[in-house]
Amino acid sequence: MVAVKAVLLDLDGTLLDTVLDLHAAANGMQRDLGNAEVAIEDIRAYVGRGIPNLVKRVLAGVLEAADDPTPPPADALASFKKHYEHFNGRAAKPFPGVMEGVRALKAMGLPLGVITNKAQAFTLPLLERTGLAPFMDVVVSGDILPKPKPDPMPVIWACGRLGVSPADTLLIGDSVHDFKAGRSGGCKVFLVPYGYNEGQDVRGLDADAIVETLFDAAQLVTRA
Ligand SMILES: O=C(O)COP(=O)(O)O
Ligand SMILES: [Mg+2]
């Protein structure tokens, strides 16, 4: 059990399965550029470090493209955003246990927040369309602060907005980026095994728990 005063939740791969929409947008971009289509398994591995890095990975066909600080070509990024604006939220849906878990955490009186590396222009409509928006007391998108996850900045900023200490906060995510942001920020960290994590198994990370669903996570939480 962990006793906390707030819970922060990752979006893609933790709350929502967004891969179908991202895949459709990536292939729209590839068609615009005259490039070959990309497989859905590749998109699943490429999510998690924000849209500019997803675009760089799709164009290069390798995960490591995100390690190069050069921004993606402007025409490719504009094309991806145009297509994602169209597809965002069309096929995305909460993973099993998400709505139940969110309701259970809220019923304990815990404030909830979303911390995502997705840009704000796509995050807010997606939370609205999937019915998650009313549950969230703070939303931190990947482009509103100087440093996204794995830096702890979004975690610390969200805790400040909620008026809680990171030590009294649980972060639930699906990736090494969530793990690093939460740990270095001083939070408790739970990880779900069903998300994206760049093709790696989250069981290799030293989280406080691996939880099969968000509903299972809620059973391990009490209000401090
Ligand atoms: O990479 C993204 O765009 C978003 O990923 P996240 O919600 O898992 O942080
Ligand atoms: Mg994620």
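Residues numbered from 1 in each chain as written. Chains lettered and ligands numbered in written order. Predicted model: local features only at pLDDT ≥ 70, side-chain atom pairs only at ≥ 80, totals over all residues. Heavy atoms only, no water.

*Asks:* I keep staring at empty space enclosed by the protein and nothing clicks. Help me out?
*Replies:* Summed over all chains, the structure comprises one cavity of 30 Å³ or more. Counted as a void, the largest cavity has a volume near 190 Å³. Asp12, Val47, Gly48, Gly50 and Asn117 are, among the 20 residues lining the largest cavity, the residues nearest its centre. Within the lining of the largest cavity, the residues separate by chemical class into six nonpolar, seven polar and seven charged. Formed jointly, the lining of the largest cavity draws a minimum of three residues from each of two domains, domain 1 (2-17 + 92-223) and domain 2 (19-87). (1 Å grid on protein atoms, 1.4 Å probe; cavity = no way out; pocket = protein on both sides within 12 Å on 5 of 7 lines; lining within 4 Å. Points joined across faces, edges and corners; volume = space filled by probe spheres on them. Nonpolar A, V, L, I, M, F, W, Y, C, P; charged D, E, K, R; others polar. Domains from an automatic or database assignment.)

*Asks:* How do you make sense of the packing of aromatic side chains when you look at a structure like this?
*Replies:* We describe a pair of aromatic rings using the distance from one ring centre to the other and the angle between the two ring planes. Overall, the coordinates contain three aromatic pairs when judged by the stated rule. Ring plane angle 35° and centroid distance 5.7 Å describe the contact between phenylalanine 80 and tyrosine 84, whose orientation is recorded as tilted. On the criterion of helical spacing, the pair formed by phenylalanine 80 and tyrosine 84 is a turn pair, its members being four residues apart in helix H4 (residues 74-87). For the pair tyrosine 84 and phenylalanine 122, a centre-to-centre distance of 4.9 Å together with 50° between the ring planes defines the contact as tilted. Note that tyrosine 84 is positioned in helix H4 and phenylalanine 122 in helix H6 (residues 120-129), a separation of 38 residues in sequence. Judged by its relative accessible area of 6%, phenylalanine 122 is buried. Here the aromatic residues Phe80, Tyr84 and Phe122 are joined through ring pairs into a cluster of three or more. (Phe/Tyr/Trp six-rings, centres within 6.5 Å; stacked < 30°, edge-to-face > 60°. Helix = DSSP H or I, 4+ residues; strand = E, 2+ residues; numbered from the N terminus. Buried < 20%, exposed > 50% of the residue type's maximum accessible area, 1.4 Å probe, protein only.)

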